[in-house]
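# Commentary on secondary and tertiary structure
Spelled out from the first residue to the last, the chains are:
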Amino acid sequence: KFVDVVLAARSEIVADKPILVMQEANGHDYDGNPDSDPFMMGLTPVEQYRAEYLLGIPLLVHDADTPQQTAFKSHFANLVVPVGSVGTVLLDGAQVQSSLFAPIGDSGYSGAQIPLTVGNHRFSAGAPIGVSIYGFHEADSYGFNGGFAMSDLPGAALSIAPVQSTQETGTQRCVVGTVRTSSGE
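Residue positions are given per chain, counted from 1 along the sequence in the order it is written. For this predicted model, a pLDDT threshold of at least 70 governs which residues receive local features, and a threshold of 80 or more governs which side-chain atom pairs are given and counted, while totals over whole chains, interfaces and linings are taken from all residues. Hydrogens are left out, water is left out, and the side-chain values use all remaining heavy atoms of the structure.

## Remarks on the pairing of strand S10 (residues 109-115)
Put simply, the rule reads: Whether two strands pair comes down to DSSP finding at least two bridges between them. Numbering of helices and strands starts at the N terminus; helices are DSSP runs of H or I of at least 4 residues and strands are runs of E of at least 2.
Taken together, the 7 bridges between strand S6 (residues 74-82) and S10 define a ladder with antiparallel strand orientation. When the sheet's bridge partners are listed, Phe76 is paired in S10 with Pro115. As paired strands, strand S9 (residues 102-103) and S10 are joined by 2 bridges and run antiparallel to one another. Looking at S10, one finds that Ala102 is bridged to Gly111. Here S9 folds back onto S10 in antiparallel fashion, the turn holding 5 residues, of which Gly105 has a positive phi close to 55°.

## Observations concerning unusual backbone geometry
A cis amide bond links Ala161 with the next residue in sequence, Pro162, at an omega value of 0°. By the secondary structure assignment, Pro162 is in the loop between strand S13 (157-161) and strand S14 (176-180).

## What to know about the packing of aromatic side chains
The condition that has to hold: Side-chain rings of Phe, Tyr and Trp (the six-membered ring for Trp) are treated as a pair once their centres are within 6.5 Å; stacked means planes under 30 degrees apart, edge-to-face means over 60, and tilted covers the remaining angles. In our convention, an over-ring charge means Lys NZ or Arg CZ found within 6 Å of a ring centre and within 35 degrees of that ring's normal.
Enumeration over the complete set of coordinates arrives at 6 aromatic pairs. It is Arg50 that lies over the ring of Tyr53; its NZ or CZ is 5.8 Å from the centre.

Written out as structure tokens, the structure is:
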């Protein structure tokens, strides 16, 4: 079943069966804001939140019409944190102001939108949290979830090949990650 809902406020989504939740950003034609473009990112279920994330914020937008590359105009992190852990959230070692957080309904979680700068950022907290990263530029945007933990998924096993590898800086290397359930699927 597919459901498409426009949410205007922080919202809790509850289901009695496994679901996939995607978040979409509207394009500039939707609200007339030229500093936007559509993107879609998967949201991480609370069972897969992590207590720490290291994430990179992109610098450049490539414009196919010109040889120039320009910086994205704005970058943000959306944080979802257990209410009791709001005061433990750190961004690059500095405490995130508790006043930035607001409750998400009666879920027991609070959410915050944090402006970011280009570069690497470390998020950590005293409990597992959710992190989504996104940014905007003229007719361009990006969005991705900060990651997810699989260690607490019953019967799940992750294998990566090759197990060990050395790679020269500035070059690419592919690895294969395989997730299997206890039944081998």
